[in-house]
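# Descriptive structure summary
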Amino acid sequence: MHLYKYRDLSAPESSFERLSNILWTNTFWCARPSDLNDPEEFVWECDYDPSDQTARLLAEVLIKLGRPADKAWEVAWKAVQQARIEPIARPVIENVIDQCRQEVGLACFATSDASDVMWDRYGGRGNGVCIEIEVPNELLHTNLHPVQYPLAKRLHLDQILASYGD
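Here we summarise the structure given alongside this text. (Residues numbered from 1 in each chain as written. Predicted model: local features only at pLDDT ≥ 70, side-chain atom pairs only at ≥ 80, totals over all residues. Heavy atoms only, no water.)

## Some thoughts on the overall build of the chain
Formally: Starting at the N terminus, helices and strands are each numbered in turn, a helix being any DSSP run of H or I of at least four residues and a strand any DSSP run of E of at least two. Taken over C-alpha atoms, the radius of gyration is set against a globule rule of 2.2 Å times the number of residues to the power 0.38. Whether two residues are in contact is decided by their heavy atoms: any pair within 4.5 Å suffices.
Scanning the chain for helices and strands turns up six helices and four strands. Element order for the chain, N to C, with α for helix and β for strand: β-α-β-α-α-α-α-β-β-α. Radius of gyration (C-alpha) of the chain: 21 Å, far over the 15 Å computed for a compact globule of 166 residues. The dimensions of the chain, computed from C-alpha atoms along their principal axes, are 60 × 30 × 25 Å. Taking the contacts inside the chain whose residues are at least 6 apart along the sequence as the reference set, 78% of them involve residues at least 24 apart.

What follows is the structure, given as structure tokens:
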């Protein structure tokens, strides 16, 4: 599989340094999501309304965290029944979102070397380069993921709880 990295060479000297790193060391600059041009990157909302699965998923997380199974089930059931999940989970999830935005590194690539949009935005409006990179196909959906722009960035608490086990 081929991917493409567009670089603007009309920008400051740092553009040449990054290009040099790509060519000589086979490394790419990874940006924090908070530094990207989309202020909503890695920002999502969470639906805290419990489902039929929430208590079970929460109990499984608590067990993995070392709680005895009988206590984990009791705590999970009470949290759902007494509507205590959101006040407890919201600050934790907001912290995870902020931590992702500050600590995760992203490098973006294109799937074509002939994209007018990519040349305009990232290739210096034609005053840059496009570097072709050969990537093993097995990296797709493991280390490399297609960019998705959903209309609503909303997860349900169950998705987050289930992901803890994954």
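## Description of the pattern of salt bridges
Opposite charge on two side chains allows them to pair when their charged atoms are near. Put simply, the test is: Between Lys or Arg on one side and Asp or Glu on the other, a salt bridge is scored when a side-chain nitrogen of the former is within 4 Å of a carboxyl oxygen of the latter. Buried means the residue's accessible area, taken with a 1.4 Å probe over protein chains only, is under 20% of the maximum for its type, while exposed means over 50%, and partly exposed covers the values in between.
Overall, the coordinates contain seven salt bridges when judged by the stated rule. Here Arg32 makes a salt bridge to Asp35, at a shortest N to O gap of 3.2 Å. The exposure class of Arg32 is partly exposed, given its relative accessible area of 36%. A salt bridge links Lys78 to Glu74, with the shortest nitrogen-to-oxygen separation between them at 3.3 Å. Here Lys78 pairs with Glu74, and both are found in helix H3 (residues 69-81), just four residues apart, close to one helical turn.

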